[in-house]
Amino acid sequence: MKIDKFKVEEWFNKYEKDAVYDLADTCVESLSIDELLEITGNREEYLTELFSKKLNYGAIHGSKRLKNAICTMYQRQTPGNITITHGAIGANQLVIMSLVEPGDKVVSVVPTYQQHYSIPKSFGADVKMFFLKEEDNWLPDLENLRQIVGNDTKLICINNPNNPTGAVIPDDMMREIVEIAKLSGAYILCDEVYRGLNHEGNPFSVSVADIYDKGISTGSMSKVFSLAGLRLGWIVGNKCIIDEINHQREYNTISVGILDDYFASIAIENKDKIIKRNLEKIKIGKEIITKWADSEPNVHLVTPKGGTTAFVRYNLPVPSTELCAELQKETGVMILPGETLEVDGFLRIGYGNNFENLKKALKIFSVWLSNK
């Protein structure tokens, strides 16, 4: 099987090690194990449990404790509707591998995580990219989506909240997307790794798995819980879908690490405390980047409504890969070029941690822009 180069990940592999100021990071400041246990208020109890654990395979599809915790983030799910994976990257791959065959029509929003269009393309699927637009505040034009989906689509891939734009699909719009999917009987894969980080109101948008029988939600510990090092994610869908995915899963997963499962359970059981902590940090970073964008004549930003990233348009007549490579070489500031997300002329900037560095880097970037 041949597959396109994963542009975002290859950019990180090439540039991250030399960055002085990393504005490409998409996580809220990571928690240490010490900080996680401090948040729970049950440090000694959890440490006693931890040191008594046998390092076997554990529960193959995820522990009952972990699945019960995940259910609390959904409206109508049970442990039988969930399987545990190696991160959301493993979850997304398993869903596509389980559902898509050569010749199937797949519609994917863009910009998004490249898995959603490159993996089905590698299987021989007919992939249609549905481009979100800045003038629509990065929300889908439903009439255009309806025309692209038609009556022959097998799978629709969306991302909510959206990476890189920070757009949040309103609940009523998500229900309209479901109605569009029903016209062709299409599955909807919604990458919900930032679900829980809406900036206003309920931090959790409605999940597609709760409102559509053929809706599939993927999530992980990386963004909402600041625990990317656990490498743990999940898939939520109806039992028939989960059974089919588990059939595929046996070939590449067996189980996640028993310690990953344990710490993820603890974190999700304390989700309100962790999300409160992370939203407070996001608020600080968002204020910094929006003030900068408002005062910087060479850029434009549609204010993000969720997640940890901003998608900034710039007005220089150079490709984003060239701009970002030159910027980092000359200043040490690392920013992700929009071209790696199929939308040139834009830059993805993360604002979830190290706010002093964020301020310094944006100031350096402004000086650099003014000299171009």
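Residues numbered from 1 in each chain as written. Predicted model: local features only at pLDDT ≥ 70, side-chain atom pairs only at ≥ 80, totals over all residues. Heavy atoms only, no water.

S.K.: Would you explain the overall build of the protein chain in this entry?
M.R.: On a plain count of helices and strands, the protein chain comes out with 14 helices and 13 strands. For a compact globule of 372 residues, the expected C-alpha radius of gyration is about 21 Å, and the protein chain comes in at 20 Å, within 12% of that figure. With respect to the principal axes defined by its C-alpha atoms, the protein chain has extents near 55 × 55 × 40 Å. Considering the protein chain as a whole, with its 372 residues, one finds that 58% of them fall into the buried category. For the protein chain, the exposed area adds up to about 16,000 Å²; of that, 50% sits on carbon and sulfur atoms. Between the centroid of the 42 positive side chains of the protein chain and the centroid of its 50 negative side chains there is a distance of 2 Å. (Helix = DSSP H or I, 4+ residues; strand = E, 2+ residues; numbered from the N terminus. Rg over C-alpha atoms; globule rule 2.2 N^0.38 Å. Buried < 20%, exposed > 50% of the residue type's maximum accessible area, 1.4 Å probe, protein only. Areas by Shrake-Rupley, 256 points an atom, 1.4 Å probe, with all protein chains shown as cover. Lys, Arg positive; Asp, Glu negative; His and termini not counted. Charge placed at Lys NZ, Arg CZ, Asp CG, Glu CD.)

S.K.: Teacher, can you tell me more about the packing of helix H5 (residues 87–99) against helix H10 (residues 239–249) here?
M.R.: A pair of packed helices can be characterised by two numbers: the angle between their axes and the separation between those axes. Axis separation between H5 and H10 bottoms out at 9 Å; the angle between their running directions is 100 degrees. What the angle tells us is that H5 and H10 run roughly perpendicular. Residues Leu94, Val95, Met97 and Ser98 of H5 form the contact with H10, whose own contacting residues are Glu244, Ile245, Gln248 and Arg249. Considered class by class, the residues forming the contact of H5 with H10 number 4 nonpolar, 2 polar and 2 charged. (Axes fitted to C-alpha atoms, helices over the stretch in contact; angles between N-to-C directions. Parallel < 35°, antiparallel > 145°, perpendicular 65-115°, else oblique. Contact = heavy atoms within 4.5 Å. Nonpolar A, V, L, I, M, F, W, Y, C, P; charged D, E, K, R; others polar.)

S.K.: Explanation requested: helix H1 (residues 7–15) in the structure shown.
M.R.: Three or four residues apart is the spacing at which side chains of an α-helix point the same way, because the helix has 3.6 residues per turn. Taken as a whole, H1 has its buried residues at Val8, Trp11, Phe12 and Tyr15. Buried residues of H1, viewed axially, fall in a sector of 100 degrees; they line one side. In H1, the exposed positions that point more than 90 degrees away from the buried face belong to Asn13 and Lys14. For H1, the elements touching its buried residues are helix H13 (320–331), strand E11 (333–334), strand E12 (336–337) and strand E13 (346–350). (Arc of directions from axis to C-beta.)

S.K.: Honestly, the pairing of strand E3 (residues 105–110) in this entry has me stumped. Any pointers?
M.R.: A regular strand places its side chains so that they alternate between the two faces of the sheet. Within E3, 6 of the 6 residues are buried, which leaves it mostly tucked inside the rest of the structure. Between the parallel pair E3 and strand E4 (residues 126–131), the chain is carried across by helix H6 (residues 115–122), and the sense of this crossover is right-handed. (Right-handed = clockwise from strand over helix to strand, strands pointing away.)

S.K.: What am I meant to see in the pattern of salt bridges here?
M.R.: Any two side chains of opposite charge can pair, so long as their charged atoms come close to each other. Across all of its chains, the model carries 19 salt bridges by this definition. Notably, a salt bridge pairs Glu143 with Arg146, separated by 3.0 Å at the nearest N-O pair. Placement of the pair is Glu143 and Arg146 together in helix H7 (residues 142–149), with a separation of 3 residues, close to one helical turn. Given the relative accessible area of 33%, Arg146 is considered partly exposed. A single salt-bridge network, built from bridges that share partners, covers Lys7, Glu339 and Glu342. (Salt bridge = Lys/Arg side-chain N within 4 Å of Asp/Glu carboxyl O.)

S.K.: Before we go on, may I ask you to explain the pairing of E4 in this structure?
M.R.: For E3 and E4, the ladder comprises 6 bridges, and the chain directions are parallel. Of the residues in E4, the one forming a bridge with Val110 is Phe131. (Pairing = 2+ DSSP bridges.)

S.K.: What is the right way to look at unusual backbone geometry in this model?
M.R.: Excluding glycine, a negative phi dihedral is what most residues carry, and trans is how most peptide bonds are arranged. With omega at 5 degrees, the peptide bond leading from Val110 into Pro111 counts as cis. Tracing the backbone through its elements, the reader meets Pro111 in the loop between E3 and H6. A cis amide bond links Asn163 with the next residue in sequence, Pro164, at an omega value of 25 degrees. With respect to the secondary-structure elements, Pro164 resides in the loop between strand E5 (153–159) and helix H8 (171–184). One non-glycine residue, Trp138, lies in the positive phi region at around 65 degrees. Following the sequence through the fold, Trp138 ends up in the loop between E4 and H7. For Trp138, a relative accessible area of 4% corresponds to the buried category. The phi angle at Asn354 is positive, at roughly 50 degrees, despite the residue not being glycine.

S.K.: What is the right way to look at the nonpolar core in this model?
M.R.: A general feature of soluble globular proteins is that nonpolar side chains tend to end up buried together. With 106 residues, the main nonpolar core has Ile70, Met221, Phe225 and Trp234 as its most contacted residues. Setting aside residues no more than four positions away along its own chain, Ile70 makes contact with Ile82, Ile84, Trp234, Val236 and Ile268. Counting 19 residues, the second-largest nonpolar core is a separate cluster that includes Leu155, Cys157, Ile241 and Ile245. (Core = buried A, V, L, I, M, F, W, Y, C linked by side-chain atoms within 4.5 Å.)

S.K.: Would you mind going over the sheet that holds strand E7 (residues 215–220) with me for this structure?
M.R.: Pairing in this open sheet of 7 strands is mixed, and the strands run E2-E8-E7-E6-E5-E3-E4 from one edge to the other. Edge positions in the open sheet fall to strand E2 (82–85) and E4, since each of these has one partner strand only. Taken over all neighbouring pairs, the strand axes of this sheet differ in orientation by 20 degrees on average, direction set aside. Where H5 meets the sheet, its contacts fall on E2, E5, strand E6 (187–191), E7 and strand E8 (233–236), and the angle it forms with E7 comes to roughly 155 degrees. Most of the contacts of H7 go to E3, to which it runs at about 155 degrees, and overall it touches E3, E4 and E5.

S.K.: Help me understand the packing of aromatic side chains, please; the structure alone is not making it clear to me.
M.R.: Ring pairs (aromatic) are described by centroid distance and by the angle formed between their planes. Inspection of every chain in the model, using the stated rule, returns 8 aromatic pairs. Joined through ring pairs, the aromatic side chains of Trp138, Phe311 and Phe346 make up one cluster. Lying over the aromatic face of Tyr74, Arg195 brings its terminal NZ or CZ to 4.9 Å of the ring centre. (Phe/Tyr/Trp six-rings, centres within 6.5 Å; stacked < 30°, edge-to-face > 60°. Lys NZ or Arg CZ within 6 Å of the ring centre and 35° of its normal.)

S.K.: How should the environment of Lys363 be read in this particular structure?
M.R.: Note that Lys363 resides in helix H14 (residues 355–370). What makes Lys363 exposed here is its relative accessible area of 62%. For the pair formed by Lys363 and Trp292, sequence separation is 71 residues and the distance between their alpha carbons is 8.3 Å.

S.K.: Looking at this model, I keep getting lost on the side chain of Ser184. Mind explaining?
M.R.: Here Ser184 lies in helix H8. Residue Ser184 is classed as buried on the basis of its relative accessible area of 18%.

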